[in-house]
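Residue-level listing of the chains:
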Amino acid sequence: MSAISRRLFLGSSAAATGAALTTAVPLTAAASAGEPKAPAYGPAPGVAKLNANENPYGPSPGAIKEALEATRLGAYYVGASVPMLKSMIAERHGVTPDHVALSSGSSGALTYIATAAADKGSILGPDLFWDTTARMGTRHSGDLIRLPKHETLSIDLDAMFDAITDDVSLVQVTNPNNPTGEALDGEALRAFCKKASRKVTVLVDEAYNELTENPEYTSMVDLVREGYDIIIARTFSKIYGMAGMRVGYTIAAPEVTKSMVLDYGLGDYAMNQAGVAAAVASYNDLGFLEMSKSRIIEARGMVLDGLSKTGLSALPSSTNFMFVNLGDLDAEIFRQKMADRNVLIRGIYRDYDNWSRVSMGRLEHVQMYVDALAPVLEEMGA
Ligand SMILES: Cc1ncc(COP(=O)(O)O)c(C=O)c1O
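Because the structure is a prediction, the values reported are computed rather than measured.

What counts as what
- Residues numbered from 1 in each chain as written.
- Predicted model: local features only at pLDDT ≥ 70, side-chain atom pairs only at ≥ 80, totals over all residues.
- Heavy atoms only, no water.
- Near = heavy atom within 4 Å.
- Polar contact = N/O pair within 3.5 Å; in protein donor to acceptor, adjacent residues only side chain to side chain.
- Areas by Shrake-Rupley, 256 points an atom, 1.4 Å probe, with all protein chains shown as cover.
- 1 Å grid on protein atoms, 1.4 Å probe; cavity = no way out; pocket = protein on both sides within 12 Å on 5 of 7 lines; lining within 4 Å.
- Sits in = over half its atoms within 2 Å of the grid points.
- Helix = DSSP H or I, 4+ residues; strand = E, 2+ residues; numbered from the N terminus.
- Nonpolar A, V, L, I, M, F, W, Y, C, P; charged D, E, K, R; others polar.
- Pairing = 2+ DSSP bridges.
- Domains from an automatic or database assignment.
- Contact = heavy atoms within 4.5 Å.
- Buried area = accessible area lost by both parts, 1.4 Å probe.
- Salt bridge = Lys/Arg side-chain N within 4 Å of Asp/Glu carboxyl O.
- Phe/Tyr/Trp six-rings, centres within 6.5 Å; stacked < 30°, edge-to-face > 60°.
- Buried < 20%, exposed > 50% of the residue type's maximum accessible area, 1.4 Å probe, protein only.

In the region of the ligand, 14 residues are neighbours, and Ser106, Ser107, Asp205, Thr235 and Ser237 sit closest. The backbone of Ser106 places a nitrogen or oxygen atom 2.7 Å from an oxygen atom of the ligand. In the environment of the ligand, an oxygen atom lies 2.4 Å from a nitrogen or oxygen atom belonging to the side chain of Ser107. Coverage of the ligand by the protein chains reaches 93% of its 390 Å² of free accessible surface. Mapping the ligand onto the cavity grids shows that it belongs to the largest pocket. In terms of residues, the shell around the ligand owes the most to one element, helix H5 (residues 105-120), which gives 4 residues. Class assignment for the residues of the shell around the ligand results in 4 nonpolar, 7 polar and 3 charged.

Once that is clear, we can look at the sheet that holds strand E12 (residues 355-359). Working definition: the strands of a sheet are paired by backbone hydrogen bonds and lie parallel or antiparallel to each other. Taken together, the 3 strands give an open sheet; going across it, the order is E9-E10-E12, and neighbouring strands pair in antiparallel fashion. Edge positions in the sheet fall to strand E9 (313-314) and E12, since each has one partner strand and no second. Where strand E10 (residues 321-325) meets E12, 5 bridges bridge the pair, whose relative direction is antiparallel. Paired with Phe323 across the two strands is Arg357, which belongs to E12.

Domain boundaries in the protein chain define domain 1 (29-58 + 287-379) and domain 2 (62-283). In this assembly, 24 residues from domain 1 lie in contact with 28 residues from domain 2. Of the roughly 2100 Å² buried at the junction of domain 1 and domain 2 (both faces included), carbon and sulfur atoms supply 60%. Taken together, the connections running from domain 1 to domain 2 amount to 2 salt bridges. Across the salt bridge formed by Lys149 and Asp351, the nearest N and O atoms sit 3.3 Å from each other.

This brings us to the packing of aromatic side chains. Summed over all chains, the structure comprises 8 aromatic pairs. Plain terms: the ring middles of Phe236 and Tyr240 are 4.7 Å apart, the flat faces sit at 50° to each other, and that makes the pair tilted. Ring centres of Phe236 and Tyr283 lie 5.8 Å apart, and the angle between their planes is 50°; on these two criteria the pair is classed as tilted. Of this pair, Phe236 sits in the loop between strand E7 (230-235) and strand E8 (248-251) while Tyr283 sits in helix H12 (residues 273-283), placing them 47 residues apart in sequence.

The full count for this structure, using the stated rule, is 14 salt bridges. Linking Asp222 and Arg190 is a salt bridge whose minimum nitrogen-to-oxygen distance equals 2.9 Å. Of this pair, Asp222 sits in helix H10 (residues 221-225) while Arg190 is found in helix H8 (residues 186-196), placing the two residues 32 residues apart along the sequence. One exposure class covers both Asp222 and Arg190, and it is buried. Arg234 is paired through a salt bridge with Glu210; the nearest N and O atoms lie 3.7 Å apart. One end of the pair, Arg234, is in strand E7; the other, Glu210, is in the loop between strand E6 (201-205) and helix H9 (215-218), with 24 residues separating them in the sequence. You can call Glu210 buried: its relative accessible area is 13%. Taken together, the shared-partner salt bridges in this structure form one network comprising Asp131, Arg135 and Arg146.

Set out below in structure tokens:
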């Protein structure tokens, strides 16, 4: 890499001193402390990967078949499947295909939205939410303003409305929220979105919407249809079991969608043929979706049972993960001790030291988590 191109990305001082050259960059992503090394694809056999809210029952058989066919024809840039997928999404939600943008996972679009918002001001979000893209967007400009901690770990919509100042260019709500698993009441969120979006764009990240009790009621897509300044983000990574295939989408006013496409390269050509093929094949595969949802609900029951037997509890969850209250135990030590038993879960979020997130993976893997609870807690002196 030339000094000039390094300067473009690193800033002049790092490029001038050659600091980047002395930094060792591992070729494979390092596992968290104590975690077993992973093979190139997916977790190693015998490892319960419960740390990223994936649906390991996916992709659906139909999705795999279509992705293979698309891969066979992978010499060609993506074609008719992209407008096909957009039309399917539009039809389901009662919008036009011009309301729909596809991206590489929903993270793709969410990052562009955050970057655009940060250029204009600050992003306002709860204290605890899936903030990866908001943090990324505000690395270079703008700030991420967080609401104060809420004692129930819920999102206080009144406090959020009151926190909208002239500097705020985007309000971000994750519903259901990650890592808490809470789904806000649809009507309460709808009322908030209506009044907040008169002041500023509201982004509702609905990555886990399909897992809620009443997805339509919980979703804010109807407000986009009604013309409110709202962007909805959805993904094929969660219930569709396609996290590695990187397909997500947004639903927003056509002019917002067009600007995302033109300004941030969310054009059809940017999509991955195999991922789009899999998305088309699984979007209306109700059998697969129902099977996945029922196993996730079963897994939540198993975790709740296991926790109550060991004296622990979790927040109610409308998602494929649970946020477990470890009392006075440290969530990072708990994570490491679980990893020692080949059970991979999330460590500490921000300063929520005693909260631990576990994903609802395959039932046999969830059983590994449940079985490990008592011995791990004993080791930790609980
Ligand atoms: C709430 C939420 N939004 C978005 C994402 C990003 O997912 P993807 O980029 O795979 O669509 C995640 C991933 O965990 C998430 O939890």
